[in-house]
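Breakdown of the fold
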Amino acid sequence: MDPDWLPFHPNPSKPAFKVPAGAVDAHCHVFGPAAQFPFAPERKYTPCDASKGQLFALRDFLGFSRNVVVQATCHGNDNRAMVDALVNSQGKARGVASVGRDVTDDVLQAMHMAGVRGVRFNFLKRLVDFTPKEVLLEIAGRIAPLGWHVVVYFEAQDLPELWDFFTAVSDNLATTVVVDHMGRPDVAKPVDGPEFGLFLKLMREHPNVWSKVSCPERLSKSGPTGEDGGGALSGPYSDVVPFAKRIVEAFPDRVLWGTDWPHPNLKGHMPDDGKLVDFLPRIAVTPELQRKLLVDNPMRLYWPEEN
Ligand code: 0GY
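Before going into details, it helps to say that this report is about the structure given with it. Computed from a predicted model, the values in this text were never measured in an experiment.

**Structural notes on the site of the ligand**
- What surrounds the ligand is a group of 16 residues, the closest being Tyr45, Thr73, Arg120, Tyr153 and His181.
- Side-chain polar atom of Tyr153 to an oxygen atom of the ligand: 2.6 Å apart, as the coordinates give it.
- Interatomic distance of 3.4 Å between a side-chain N/O atom of Arg184 and an oxygen atom of the ligand.
- Here the ligand, which alone exposes 350 Å², has 100% of that area covered by the protein.
- The site holding the ligand turns out to be the largest cavity.
- Looking at the shell around the ligand residue by residue, the classes come out as five nonpolar, six polar and five charged.

Following this line, the structure appears as structure tokens:
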């Protein structure tokens, strides 16, 4: 398969927004290099190589201190590229893995030693084949004693069907459930409408549920130029602002943010990572909210021993 997505931005701009000291990019990926870490045969897209060295250079350029490297579906359950990034990060990266029910306790333990702190369950039909919920619950039960959490990726229209599963993990197993990209709301719908309301209810009623307020470039319909009529709501990805800001302000201690570099499987436009950082003060409008989002929360979840 040829690469079927855009290459990442070759020379992102220097952000005008200075992230607080110790900031964590809590959602990013490494891919390949394919010659060393081949992509999964069952993948639904083929990314470009995006190495740990390039990721760490971007981290430094944008002013971040640490990364959380999240396993993406194009590497399937083969976590070697992600683990290789962690063990070569001088302790500045932790990870989220994908595993099957056949994973052994020894492998889980080895990944823990490397810095893995969570597993990811992906529910997007365009990205993965179906896995029964019993299997996912079994995996969640096995990682809970390690103190790991579960990262979930789904689209807003699928939340009703997934609700019982998420609450079983967050309430019965008492495991933190981190939702990628706000559960992918349809930002053309009202922020006060029933669809996003259900996601807010999930967070309100289940204190173990967290949200990444990342990926405006995936969710936005108004796009990176912000040509939406000007005024207070103009600017890049302005239609995503009310959604992310609402979550940050309602649940300031349970939000995370990441660049999503190198933006796999993104069609249309490739974001300038510096501009994504400049989006941050629009959704976290005070220094206190910014510190919680970028430092306190990710440190509590991924480096709890330093708290
Ligand atoms: C993301 C988003 C996407 C891809 C994956 O695991 C993946 O392949 O998460 C997507 O296509 O929306 O967060 O990287």
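**Remarks on the packing of aromatic side chains**
- The final tally for this structure, using the stated rule, is 10 aromatic pairs.
- Ring geometry for Phe196 versus Phe199: centroids 6.2 Å apart, planes at 35°, classification tilted. A residue pair is termed a helical-turn pair when its members lie 3 or 4 positions apart in one helix, as Phe196 and Phe199 do in helix 6 (residues 194–205) at three residues. With respect to class, Phe196 is no different from Phe199; both count as buried.
- Among the aromatic residues, ring-to-ring pairing joins Phe121, Phe123, Phe154, Phe165 and Phe166 into one connected group.
- Lying over the aromatic face of Phe61, Lys14 brings its terminal NZ or CZ to 4.4 Å of the ring centre.
- The ring of Trp303 is capped by Arg66, whose NZ or CZ atom sits 4.8 Å from the centre of that ring.

**Re the nonpolar core**
- Core analysis: the largest hydrophobic core is formed by 100 residues, its most contacted members being Phe121, Phe199, Val213, Ile247, Trp257 and Leu294.
- Considering every element that reaches this core, the biggest residue donor is helix 10 (residues 287–302), with seven residues.
- Every residue in contact with Val213, bar those within four places of it in the chain, is listed here: Met182, Ala244, Ile247, Val248, Val255, Leu256, Trp257, Ile283 and Leu293.

**Looking at empty space enclosed by the protein**
- Under the criterion given, the structure shown has three cavities of 30 Å³ or more.
- Computed from the structure, the largest cavity encloses a volume of approximately 120 Å³.
- Together, 15 residues line the largest cavity, and Tyr45, Leu127, Tyr153, Arg218 and Pro264 are the ones closest to its centre.
- Grouping the amino acids of the lining of the largest cavity by side-chain chemistry returns five nonpolar, six polar and four charged.
- Estimated volume of the second largest cavity: approximately 60 Å³.

**Observations regarding the packing of helix 4 (residues 133–143) against helix 5 (residues 159–172)**
- Put simply, helix 4 and helix 5 touch, their axes get as near as 10 Å, and they point 20° apart. If you check the angle between helix 4 and helix 5, you find them roughly parallel. The crossing of helix 4 and helix 5 is right-handed. Mapping the contact onto sequence places Lys133, Leu136, Leu137 and Ala140 in helix 4 and Glu161, Leu162, Phe165, Ala168 and Val169 in helix 5.
- Of the residues that constitute the contact of helix 4 with helix 5, the class distribution is seven nonpolar, no polar and two charged.

About the cut-offs
- Residues numbered from 1 in each chain as written.
- Predicted model: local features only at pLDDT ≥ 70, side-chain atom pairs only at ≥ 80, totals over all residues.
- Heavy atoms only, no water.
- Near = heavy atom within 4 Å.
- Polar contact = N/O pair within 3.5 Å; in protein donor to acceptor, adjacent residues only side chain to side chain.
- Areas by Shrake-Rupley, 256 points an atom, 1.4 Å probe, with all protein chains shown as cover.
- 1 Å grid on protein atoms, 1.4 Å probe; cavity = no way out; pocket = protein on both sides within 12 Å on 5 of 7 lines; lining within 4 Å.
- Sits in = over half its atoms within 2 Å of the grid points.
- Nonpolar A, V, L, I, M, F, W, Y, C, P; charged D, E, K, R; others polar.
- Phe/Tyr/Trp six-rings, centres within 6.5 Å; stacked < 30°, edge-to-face > 60°.
- Helix = DSSP H or I, 4+ residues; strand = E, 2+ residues; numbered from the N terminus.
- Buried < 20%, exposed > 50% of the residue type's maximum accessible area, 1.4 Å probe, protein only.
- Lys NZ or Arg CZ within 6 Å of the ring centre and 35° of its normal.
- Core = buried A, V, L, I, M, F, W, Y, C linked by side-chain atoms within 4.5 Å.
- Contact = heavy atoms within 4.5 Å.
- Points joined across faces, edges and corners; volume = space filled by probe spheres on them.
- Axes fitted to C-alpha atoms, helices over the stretch in contact; angles between N-to-C directions.
- Parallel < 35°, antiparallel > 145°, perpendicular 65-115°, else oblique.
- Left-handed = near helix turned anticlockwise from the far one by under 90°.

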